[in-house]
Amino acid sequence: EKGTYPHFMLKEIDEQPFVMRNIINKYQNENGKLKLDDDIRKAMTDADRVYIVACGTSYHAGLVGKQLIENIAEIPVEVHIASEFVYNMPLLSKKPLFIFISQSGETADSRAVLVEIKKLGHKALTITNVPGSTLSREANYTLNLYAGPEIAVASTKAYTAQIAVLAILAVDSAHAKGIELDFNPMQELAIVANAMETLCNQKEQMENIAREYLAVSRNCFFIGRSADFYVCLEGALKLKEISYIQAEGFAGGELKHGTIALIEEGTPVIALATQEHVNLSIRGNVKEVAARGAYTCIISMDGMQDEEDRIVLPAVHEYLTPLVSVLPLQLISYYAALHRDCDVDKPRNLAKSVTVE
Ligand code: M6R
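These numbers come from a predicted model, not from an experiment. Here the residue numbers are simple positions, counted from 1 along each chain's written sequence. Only residues with pLDDT of at least 70 get local features here, since the model is predicted, and only at 80 or more are side-chain atom pairs given and counted; chain-wide, interface and lining totals rely on the full set of residues. Heavy atoms from the whole structure form the basis of all side-chain values; hydrogens and water molecules are not counted.

Numbering of helices and strands runs from the N terminus; a helix is a DSSP stretch of H or I covering at least four residues, while a strand is a stretch of E covering at least two. Of the regular secondary structure elements, the protein holds 13 helices and ten strands. Radius of gyration (C-alpha) of the protein: 20 Å, near the 21 Å computed for a compact globule of 357 residues. For the protein, the spread of C-alpha atoms along the principal axes amounts to about 55 × 45 × 45 Å. A total of 357 residues make up the protein; the buried ones form 58% of that total. Note on areas: Shrake-Rupley, 1.4 Å probe, and residue coverage restricted to the protein chains presented here. Counting every atom, the protein has about 14,800 Å² of accessible surface; 47% of that belongs to carbon and sulfur. A residue counts as positive if it is Lys or Arg and as negative if it is Asp or Glu; His and the chain ends are not included. Where a charge lies is defined by one atom per residue type, namely NZ (Lys), CZ (Arg), CG (Asp) and CD (Glu). Taken as two groups, the 34 positive and 46 negative side-chain charges of the protein have centres that lie 4 Å from each other. Atoms counted for the radius of gyration: C-alpha only. Globule rule: 2.2 Å times residue count to the power 0.38. Under the scheme applied here, a residue whose accessible area is under 20% of the maximum for its type counts as buried, over 50% as exposed, and between as partly exposed, the area being computed with a 1.4 Å probe on protein chains only.

A few words now on the packing of helix H8 (residues 157–176) against helix H13 (residues 321–339). Two packed helices can be described by the angle between their axes and the distance between those axes. Running from N to C, H8 and H13 cross one another at 170°; their axes reach a closest spacing of 9 Å. Classified by the angle between their axes, H8 and H13 sit roughly antiparallel to one another. On H13, the residues touching Tyr159, Thr160, Ile163 and Ala164 of H8 are Pro322, Leu323 and Val326. Charged residues are taken to be Asp, Glu, Lys and Arg, nonpolar residues to be Ala, Val, Leu, Ile, Met, Phe, Trp, Tyr, Cys and Pro, and polar residues to be all remaining types, Gly included. The residue makeup of the contact of H8 with H13, split by class, is six nonpolar, one polar and no charged. Angular values range over 0 to 180 degrees, each being the angle between N-to-C directions of two axes fitted as lines to C-alpha atoms, with helices fitted over their stretch in contact. Each angle receives one of four descriptions, namely roughly parallel if under 35 degrees, roughly antiparallel if over 145, roughly perpendicular if within 65 to 115, and oblique otherwise. Residue contacts follow a heavy-atom distance rule, with two residues in contact if any of their heavy atoms lie within 4.5 Å.

Whether two aromatic rings pair depends on their centres lying within 6.5 Å, for rings of Phe, Tyr and Trp, where Trp uses its six-membered ring; planes under 30 degrees apart make the pair stacked, over 60 edge-to-face, and the rest tilted. Taken as a whole and assessed by the stated rule, the structure comprises nine aromatic pairs. Relative to Tyr295, the ring of Tyr213 has its centre 4.3 Å away and its plane inclined at 25°; by these criteria the two rings are stacked. In this pair, Tyr213 sits in helix H10 (residues 203–214) while Tyr295 sits in strand S9 (residues 295–301), placing the two residues 82 residues apart along the sequence. Given a relative accessible area of 35%, Tyr295 falls into the partly exposed group. The interplanar angle of 75° and the centroid separation of 5.0 Å between the aromatic rings of Tyr334 and Tyr335 together place this pair among those described as edge-to-face. Across the pair, Tyr335 and Tyr334 agree in class, each one buried.

Quick look at the pairing of strand S2 (residues 77–81) now. Most of S2 is tucked away, with four of its five residues classed as buried. When DSSP finds at least two bridges between two strands, those strands are taken to pair. Alignment of strand S1 (residues 49–54) against S2, held across five bridges, turns out to be parallel. Across the sheet, Ile52 pairs through a bridge with Val79, a residue of S2.

Right, let's talk about the pattern of salt bridges for a bit. For this document, the term salt bridge refers to a Lys or Arg side-chain nitrogen within 4 Å of an Asp or Glu carboxyl oxygen. Considering all chains together, one arrives at 19 salt bridges under this definition. Linking Asp14 and Lys203 is a salt bridge whose minimum nitrogen-to-oxygen distance equals 2.8 Å. Taken together, the positions of Asp14 in helix H1 (residues 8–14) and Lys203 in helix H10 put the pair 189 residues apart, joining distant regions of the chain. On the accessibility criterion, Asp14 (14% relative accessible area) is buried. Among the residues examined, Lys203 registers a relative accessible area of 17% and is labelled buried. A cluster of three or more residues bridged by salt bridges with shared partners is formed by Lys11, Glu15 and Lys157.

With that settled, consider the sheet that holds S9. Across the sheet, which stays open at both edges, the five strands sit in the order S7-S6-S8-S9-S10 with parallel pairing between neighbours. Two strands lie at the open edges of the sheet, namely strand S7 (246–251) and strand S10 (311–313), each paired on one side alone. Shown here is a sheet whose adjacent strand axes are inclined to one another by a mean of 20°, direction ignored. Pairing of strand S8 (residues 268–273) with S9 involves six bridges; the strand directions are parallel. By the bridge assignment for S9, Ala273 is matched with Ser300. In the packing of helix H11 (residues 227–243) onto the sheet, the strands contacted are strand S6 (219–224), S7 and S8, and the crossing angle to S7 comes to about 175°.

Working definition: residue near molecule or strand if any one of its non-hydrogen atoms lies within 4 Å of it. The immediate surroundings of the ligand are formed by 14 residues, with Ser58, Ser102, Ser104, Thr107 and Glu241 found nearest. Under the rule applied, a polar contact is a pair of N or O atoms within 3.5 Å (in protein, one hydrogen donor and one hydrogen acceptor; residues adjacent in sequence only if both atoms are side-chain atoms). A distance of 3.1 Å is found between an oxygen atom of the ligand and a backbone nitrogen or oxygen belonging to Thr57. Taken by itself the ligand offers 410 Å² of open surface, and the protein chains cover 91% of this. Split by residue class, the shell around the ligand holds four nonpolar, eight polar and two charged.

This next bit is on the environment of Glu150. Looking at the element boundaries, Glu150 is found in the loop between strand S5 (141–144) and H8. With relative accessibility at 6%, the residue Glu150 sits in the buried group. Those residues in contact with Glu150 that lie beyond four places of it in its chain are Glu12, Gln103, Asn129, Ser155, Thr156, Lys157, Ala158 and Lys352. Of note is the side chain of Glu150, whose polar atom sits 2.9 Å from the backbone nitrogen of Thr156.

Printed below as a string of structure tokens:
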């Protein structure tokens, strides 16, 4: 039930701090140690390559997951869109492990891949919000998101839950491989939960930005580098899905290879600048688009901010920045849709779970 909320989407955005804390509780035992099945740990450490397969927002979480698993657990990862994978299967490694990421666990495109790889005798782990779902039943292993039912068509809390669970999985695999880490996922996720709470209390600011930048715009671009780029893809999907504004996420460095031609006087460009190692280059991109008339909005992180930034996110561990940078994008999309009188929870032409290929 929505309770006092006008829309499920807003309620689900607000639930994200609780979801983080729930995940911490579910994946930690009394001694503060990670609690994952031995079978899953073995499947991860046996694999010479992980293939993440998903659609839409879950695919975007997979892109972040690749960075986490490669950096933390040192296992190579490929991320694939399920509907493409099915007829364009890459050359597989000798010992692949498949990870299906699906909020609903019912997505037909992902299921079609699962059927194919099972025929080849490969193992699969499903990360889902619905434990008894088809993808969960048909895979060898399941990790639950514990995010509670997600009703709004636009996925919000499932995305952040997916990334949190992928971070825990990566750390668990690293421990099993004897890799020394100075990253405690539970401590860092607790910091994320507090940061999310702070952002959920800044709705007025997000609403103002939505009104100022998106009330009448035809289009909007999101730019970022490194992990920020992946979050830009998700921000753009959210905005197009519920507000029907043509939105695209671009890697900052790609602008000069074509995209910058789209910039006109007043084109809204939202830039994420939460990655220390590319902070200067993304700010350079912002200057380039601004010089061509773009109406820019920078979202940065505490410790990296500049006077001109519109939103400064509370600082979190560099591995986990997508968990907080996505939140303003979710809220901005929500308010943009609201201002444009769109049906926020049930956007046109879309279904919550896509059960046809
Ligand atoms: O249930 P799934 O995670 O498998 O769904 C995948 C996509 O259909 C889903 O994420 C979709 O892109 C959302 N509507 C995005 O908000």
